[in-house]
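# Commentary on secondary and tertiary structure
The residues making up each chain are set out below.
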Amino acid sequence: VDAFQAWCGPCKTVVDLFRKIRNEVGSDLLHFAVAEVDSIDALEKYRGKCEPVFLFYAGGELVAVVRGANAPLLWKTILEQL
């Protein structure tokens with residue numbers, strides 16, 4: 001889940017990275033979602049910072065978090081979680 005804020009520039013640039021990763025890994029194994037933290041109370045703790053936060057869930061549980069638009073770290077985390 002890409003937890004983002006609409007006013008955050010770095011948050012907007014990650015969408016293309018998601019598409020690339022999903023195309024290379026395959027859509028059957030990997031599902032992406034985006035959530036605007038300003039409108040979801042459960043994500044309130046991620047508000048106020050100009051950085052995207054990526055929340056990785058497996059079996060309904062939060063298993064990893066990546067802060068910032070760090071493409072190599074995102075790749076590594078996705079592959080580890082798959």
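Residues numbered from 1 in each chain as written. Predicted model: local features only at pLDDT ≥ 70, side-chain atom pairs only at ≥ 80, totals over all residues. Heavy atoms only, no water.

Naming follows an unreviewed UniProt entry, where the protein chain appears as TXND6 protein of Oceanites oceanicus.

## Here's the deal with the pattern of salt bridges
A side chain of one charge can pair with a side chain of the opposite charge when the charged atoms of the two come close. Convention followed: When a carboxyl oxygen of Asp or Glu lies within 4 Å of a side-chain nitrogen of Lys or Arg, that pair is called a salt bridge. Note on conventions: DSSP H or I runs of at least 4 residues are helices, E runs of at least 2 residues are strands, and numbering of each starts at the N terminus. Note on classification: 1.4 Å probe, protein chains only; a residue is buried when its accessible area is under 20% of the maximum for its type, exposed when over 50%, partly exposed between these limits.
On inspection of all chains with the given rule, the structure shows one salt bridge. Between E80 and K76 there is a salt bridge, with its nearest N and O atoms 3.8 Å apart. Here E80 and its partner K76 are both found in helix α3 (residues 71-81), four residues apart, which amounts to about one turn of the helix. Its relative accessible area of 53% is what places E80 among the exposed residues.

## Remarks on α3
Using the following cut-off: Within this analysis, the arc is defined by the directions that extend from the helix axis to the C-beta atoms. Two N or O atoms count as a polar contact when they lie within 3.5 Å, although within protein this holds only if one can serve as hydrogen donor and the other as acceptor, and sequence-adjacent residues are included solely when both atoms are side-chain atoms.
Taken together, the buried positions of α3 are L74, T77 and I78. For α3, the angular spread of buried residues about the axis comes to 100 degrees, placing them on one side. The exposed set on the far side of α3, more than 90 degrees from its buried face, consists of P72, L79 and E80. N-capping of α3 is provided by N70, with a side-chain oxygen placed 3.1 Å from the backbone N of L73.

## Thoughts on the layout of surface pockets
Under the convention used in this document: Note on definitions: the grid is 1 Å and covers protein atoms alone; a cavity is a set of points where a 1.4 Å probe fits but cannot get out; a pocket is an open set with protein on both sides within 12 Å along at least five of seven lines; lining residues have an atom within 4 Å of a point. Grid points are joined across faces, edges and corners, and a volume is the space filled by probe spheres set on the points. Classes in brief: Ala, Val, Leu, Ile, Met, Phe, Trp, Tyr, Cys and Pro nonpolar; Asp, Glu, Lys and Arg charged; the others, Gly included, polar.
Its boundaries defined by the atoms lining it, the largest pocket holds a volume of some 270 Å³. Around the largest pocket, the lining is made up of 15 residues, and of these L30, H31, L55, F56 and Y57 lie nearest the centre. Broken down by secondary-structure element, the contributors of at least two residues to the lining of the largest pocket are β3 (53-58) and α3. Here the element with the most residues in the lining of the largest pocket is β3; it accounts for five residues. Considering only residue class, the lining of the largest pocket consists of 13 nonpolar, two polar and no charged.

## What about the packing of helix α2 (residues 14-25) against α3?
Here is the rule we go by: A fitted line through C-alpha atoms serves as each axis, taken over the contacting stretch for helices, and the angle formed by two N-to-C directions is quoted from 0 to 180°. Here a crossing is called left-handed whenever its near helix is offset anticlockwise from the far helix by less than a right angle, and right-handed whenever the offset is clockwise. In what follows, residue pairs with any heavy atoms lying within 4.5 Å of each other are defined as contacts.
Interhelical geometry of α2 versus α3 gives an angle of 35 degrees and a closest axis separation of 12 Å. Pair α2 / α3 crosses with right-handed handedness. Contacts between α2 and α3 pair V14, L17, I21, E24 and V25 from the former with A71, L74, W75 and I78 from the latter. Its residues placed into classes, the contact of α2 with α3 shows eight nonpolar, no polar and one charged.

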